[in-house]
Protein chains: 2
Amino acid sequence: MVDDGVGGGRDRDPADDRRQAPHQLTDIAAQVDDRLLRVLNEQSARWAAVDPRLSEAVDELARMVTSGGKRLRAAFCYWAWHGARGLVADGPADSAASARVIDLGAAFEFLQVFALIHDDIMDNSATRRGSTTIHVANGRRLEANGWLGEARRYGEGVAILVGDLGHVYADQLTGGVHRRTRTIWDELRIELNLGQYLDMRAAAAGELDYATARQVATFKTALYTIVRPLQLGASLALPAERMADDEYRWLLDRLDRFGRPLGRAFQLRDDALGLIGDEAHLGKPVGDDLREGKPTEIVSYAVSHADAAQRSVLDRIGTRDLSVDAVTDIVAVLYDTGAMANNEAEIEHLLAEATGALDELPFDAESMKALGSLATYVAERDR
Amino acid sequence: MVDDGVGGGRDRDPADDRRQAPHQLTDIAAQVDDRLLRVLNEQSARWAAVDPRLSEAVDELARMVTSGGKRLRAAFCYWAWHGARGLVADGPADSAASARVIDLGAAFEFLQVFALIHDDIMDNSATRRGSTTIHVANGRRLEANGWLGEARRYGEGVAILVGDLGHVYADQLTGGVHRRTRTIWDELRIELNLGQYLDMRAAAAGELDYATARQVATFKTALYTIVRPLQLGASLALPAERMADDEYRWLLDRLDRFGRPLGRAFQLRDDALGLIGDEAHLGKPVGDDLREGKPTEIVSYAVSHADAAQRSVLDRIGTRDLSVDAVTDIVAVLYDTGAMANNEAEIEHLLAEATGALDELPFDAESMKALGSLATYVAERDR
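Conventions and cut-offs
- Numbering of residues starts from 1 in each chain and follows the order in which that chain's sequence is written.
- Chain A is the first chain written and ligand 1 is the first ligand written, with later ones labelled in order.
- Reporting of local features is limited, given that this is a predicted model, to residues whose pLDDT is at least 70; pairs of side-chain atoms are given and counted only at 80 or more, and all residues count toward the totals for whole chains, interfaces and linings.
- Only hydrogens and water are set aside; all other atoms, that is, all heavy atoms of the structure, feed into the side-chain values.
- Numbering goes from the N terminus for both helices and strands, where a helix is a DSSP run of H or I of at least four residues and a strand is a run of E of at least two.
- The globule rule used here is 2.2 Å times the number of residues to the 0.38 power, and the radius of gyration it is set against is calculated over C-alpha atoms.
- Between buried and exposed lies partly exposed: a residue is buried under 20% and exposed over 50% of the maximum accessible area for its type, with that area taken using a 1.4 Å probe on protein chains only.
- When checking whether two residues touch, look at their non-hydrogen atoms; a contact exists if any pair is within 4.5 Å.
- Note on areas: Shrake-Rupley, 1.4 Å probe, and residue coverage restricted to the protein chains presented here.
- Just so you know, the count uses Lys and Arg for positive and Asp and Glu for negative, and it drops His and the chain ends.
- Think of each charge as sitting on NZ of Lys, CZ of Arg, CG of Asp or CD of Glu.
- The length a helix should cover is 1.5 Å for every residue beyond the first.
- To pair, rings of Phe, Tyr and Trp, with the six-membered ring standing in for Trp, must have centres within 6.5 Å; the planes then decide the type, stacked if under 30 degrees apart, edge-to-face if over 60, and tilted in the middle.
- Consider the ring centre and the ring normal. A charge sits over the ring if Lys NZ or Arg CZ is within 6 Å of that centre and within 35 degrees of that normal.
- To obtain an axis, a line is fitted to C-alpha atoms, over the contacting stretch when the element is a helix, and the angle between two such axes runs from 0 to 180 degrees between their N-to-C directions.
- Our angle categories are set so that under 35 degrees counts as roughly parallel, over 145 as roughly antiparallel, 65 to 115 as roughly perpendicular, and the remainder as oblique.
- Definitions for this section: a left-handed crossing has its near helix turned counterclockwise from the far helix by less than a right angle. A right-handed crossing has that turn clockwise.
- Under the convention adopted here, Pro, Cys and the residues Ala, Val, Leu, Ile, Met, Phe, Trp and Tyr are nonpolar, Asp, Glu, Lys and Arg are charged, and Gly plus all remaining residues are polar.
- In this comparison the copies share one frame, found by least squares on the C-alpha atoms of residues holding pLDDT of at least 70 in both.
- Should a side-chain nitrogen of Lys or Arg be within 4 Å of a carboxyl oxygen of Asp or Glu, the pair is scored as a salt bridge.
- Confidence per residue, as judged by the predictor, is encoded in pLDDT with a range of 0 to 100.
- Here the arc refers to the directions that run from the helix axis out to each C-beta atom.
- Any pair of nitrogen or oxygen atoms within 3.5 Å is treated as a polar contact; in protein, a donor-acceptor pairing is required on top of that, and neighbouring residues in sequence qualify only through side-chain atoms on both sides.

What follows deals with the overall build of chain A. When helices and strands are counted, chain A shows 16 helices and two strands. In summary, chain A has a C-alpha radius of gyration of 21 Å against a globular reference of 21 Å for 383 residues, a match within 12%. Taken along the three principal axes of its C-alpha coordinates, chain A extends 65 × 60 × 35 Å. Sorting the 383 residues of chain A into buried and exposed places 63% on the buried side. Taking the contacts inside chain A whose residues are at least 6 apart along the sequence as the reference set, 78% of them involve residues at least 24 apart. Approximately 14,100 Å² of chain A is accessible, and the part contributed by carbon and sulfur atoms is 50%. Here chain A contributes 44 positive and 62 negative side-chain charges, whose respective centroids are spaced 4 Å apart.

Right, dumping it as structure tokens:
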């Protein structure tokens, strides 16, 4: 249930994830991809030389890393670093410093793949980013080869280990950072795991209340996807000897004020796309959120503004076997009650709030412009 | 299949794991336990205040951490640090430096619990250290509460996340280390995951050859349990500004020469205990290694020294439903062919090799004595 915002059709082109993205994202994404590939190729060659079976685990990880992804976290991380660097340095960024922030971006991508691989086991998802998930592919491998044991247990075991390996590579790429930066990195990893635990735990217990959904979204979208990448990037440019504690905390707080409403807008956009998006871009069947009874602001608003007839339609939300027609009927009510329009207005409002907070950041013009473009993209994307 | 060397009977006393251990292990273990509990209590209280459901994940981790373990890796780490520190410092260890090496010891324990929790999913083990494993306990919780979904998937999902959380806490405790030390920490985590992958992969493919078993044991026992903890501890005392690269590499190599034969002796002792140990101490049914067809030096020696009648008995190794009597018959052949005696002689030989390498380390007398006691304990333990 970690949101990847990535298309999953089998014939998809991984580059499709980044169509419509601003160049401030795609430029960074290209550098991050290079870094990821360098680590993966090096590790694969190294372990293949010890035993060809060892590199299989690295190659499975590579398959998932290279099959798509927007590299959004890497871009937020980069531009906050770029802005914060301007606060303490006179000259332009040197190449060694710039390599380190790309390392952090690559670390985010390994961490994301680790989370997705483990998550796909929990959800028993068959495809991810248009590829067969690791646990499914390796379960099939056991069957195809007539190996011993249970396909499910073996496939999931491989996926657990490949995910764990991704977690180590993520961490390895944060190697040289100073203590302030590491604190943020540790914190976001705890939040990521606990957010996912709460998500799974609440779903099992049928605790689909709105407050819980908000808490999960705060951990997994606002913090993990936007606030922490921003803070991590800024922090990298600001070791304790370059900026005093109180100034540093002020800056982290300002980045939080920018990132948190934006994270909320990201979530609301996701909720809307889950109802009316294009399946080819989204990679998941439209309407599944309704079948699962996912608590969203849209549904919550519709329920409280529905008349009796509309309410009887909405009552079918949370039914696993909703037909496409039933989904269409429910979506019509979501429009008729004004819930969809309200969601759009709320996204605009949140984007304005984020943009207002952005204006108060003391960053250079190029960084401001980049962060503004990323914000608009996040709130208004169609995939 | 990560070896914990820890008893698993339901009525066991966690303290039993450390009976017979030298005080140079138990003293460090007590300090490491305090540190582990401090992290766990702090994290549990912190997240319970946000949402009581969040701290459940921390508390499950705590249940596993506190239910046993020898803290062997922490002890090797500590004494190598103690010895290496004597090479560059004049005075006694100050308390801040000593707190950092205990942090590293605690990091090893969190990492070990992470590995055990994920491993127990792969092996579908029901108990660990005398407690119900995380995946089994949480699957039962779903059933007992009548929650939604499949018990197995939910239990395993919780265990994946609790393990991941343990991995993050492990890493968090290595926070302040310098680059040399972090390199070793990253390396041992890669080896741990790849060793486990090879173990699982080879077992599924029926590739139970002796060379593969040796490779797995090198990763998971020699390196992860002994060599890397020694090197990590020494490294902590020796940042680049305190010892030149070539001296540093020389020392790491010497520690490898001590740790590698000792790791091999640890493995051979384990193999013997798996055949003739006391189940109450071991926590696993004696004979299971024979049922699984685990390739050991004992079996390999017996096969090559058996006559025709003996060979027909040994042919039953690898049969899942071996009776207790059948196990007894096989073990008798292992004695009669001299395989058990050969294993003991090999352990003695490896211990002598390790002790010889230890004598060449330039450490102070107290550190040398402690490492010697740990070595003897590892090779001659009965649990």
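On to helix H7 (residues 179-204) of chain A. End to end, H7(A) covers 38 Å across 26 residues, agreeing with the expected 38 Å (1.5 Å per residue, within 8%). Judged by how many residues are buried, H7(A) sits mostly within the fold: 23 of 26 residues are covered.

A few words on the packing of aromatic side chains. Throughout the structure, instances matching the rule amount to twelve aromatic pairs over all chains. Aromatic side chains Phe108(A) and Trp185(A) sit 5.9 Å apart centroid to centroid with 80° between the ring planes, which places their arrangement in the edge-to-face category. One end of the pair, Phe108(A), is in helix H4 (residues 95-123); the other, Trp185(A), is in helix H7, and 77 residues separate them in sequence. Like Trp185(A), Phe108(A) is buried. Among the aromatic residues, ring-to-ring pairing joins Tyr78(A), Trp79(A) and Trp81(A) into one connected group. The side chain of Arg180(B) reaches across the aromatic face of Tyr248(B), ending 3.9 Å from its centre. It is Arg381(B) that lies over the ring of Phe266(B); its NZ or CZ is 4.0 Å from the centre.

Residue and element names in this part refer to chain A. Inspection of the secondary structure assignment puts Asn138 in helix H5 (residues 134-145). Here the alpha-carbon distance between Asn138 and Arg153, two residues 15 residues apart in the chain, equals 9.7 Å. Contacts of Asn138, omitting those with residues within four sequence positions, involve Glu60, Tyr154, Gly155 and Val158.

What follows covers the packing of H4(A) against helix H8 (residues 210-237) of chain A. How two helices pack is summed up by the angle between their axes together with the distance between the axes. All names here are of chain A. Taken N-terminus to C-terminus, the directions of H4 and H8 make an angle of 155°; their axes are 10 Å apart at the nearest point. Of the possible angle classes, the one that applies to H4 and H8 is roughly antiparallel. For the pair H4 and H8, the crossing hand works out as right-handed. Within the contact between the two elements, H4 uses Arg100, Val101, Leu104, Phe108, Leu111 and Gln112 and H8 uses Tyr224, Arg228, Pro229, Leu232 and Leu236. Taken together, the residues that form the contact of H4 with H8 break down as eight nonpolar, one polar and two charged.

Note on the identical chains: chain B maps onto chain A by a rotation of 180° and an axial translation of 0.0 Å, with an RMSD of 0.1 Å. Each copy turns onto its partner about a two-fold axis. By residue overlap, the copies meet face to face through one surface: 100% of the interface positions of chain B are interface positions in chain A.

Next up on the list: the pattern of salt bridges. All names here are of chain B. This model, assessed by the stated rule, comprises 68 salt bridges over all chains. One salt bridge connects Arg201 with Glu207, and the closest N-O pair in it is separated by 3.3 Å. The class for Arg201 is buried, based on a relative accessible area of 6%. Classification of Glu207 by relative accessible area gives partly exposed; the value is 26%.

Turning our eyes to something else, we now look at the packing of helix H6 (residues 151-172) of chain A against helix H6 (residues 151-172) of chain B. Where H6(A) meets H6(B), the axes come as close as 12 Å, and the angle between the chain directions of the two elements is 20°. Compared by their axis directions, H6(A) and H6(B) come out roughly parallel. For H6(A) against H6(B), the interelement crossing comes out right-handed. Counted together, Arg152(A), Arg153(A), Glu156(A), Ile160(A), Asp164(A), His167(A), Val168(A) and Asp171(A) of H6(A) and Arg152(B), Arg153(B), Glu156(B), Ile160(B), Asp164(B), His167(B), Val168(B) and Asp171(B) of H6(B) form the full contact between these two elements.

Okay, the confidence of the model for chain A next. Residue and element names in this part refer to chain A. Averaged over every residue, the pLDDT of chain A is 91; residues scoring 70 or more account for 93%. Low pLDDT, under 50, characterises residues 5-10; the stretch is placed with 28 contacts to residues that sit more than four places away or in other chains. In the predicted complex, the global pTM is 0.92; the interface-specific ipTM is 0.92.

The subject of this paragraph is helix H15 (residues 339-359) of chain A. Residues and elements named next belong to chain A. Taking 1.5 Å per residue as the helical rise, H15 with its 21 residues ought to reach 30 Å, and the 30 Å between its terminal C-alpha atoms agrees with that figure. The set of residues buried in H15 consists of Ala339, Met340, Asn343, Ile347, Leu350, Leu351, Ala354, Ala357 and Leu358. Down the axis, H15 shows its buried residues gathered within 125° of arc, on one side only. Across from the buried face of H15, at angles greater than 90 degrees, the exposed residues are Ala341 and Asp359.

A few words on the side chain of Gln43(B). Position of Gln43(B) relative to the elements: it lies in helix H1 (residues 23-50). A polar atom in the side chain of Gln43(B) sits 2.7 Å from the side chain of Trp47(B). Filtering out sequence-adjacent residues up to four positions away, Gln43(B) remains in contact with Ile190(A), Val58(B) and Tyr169(B).

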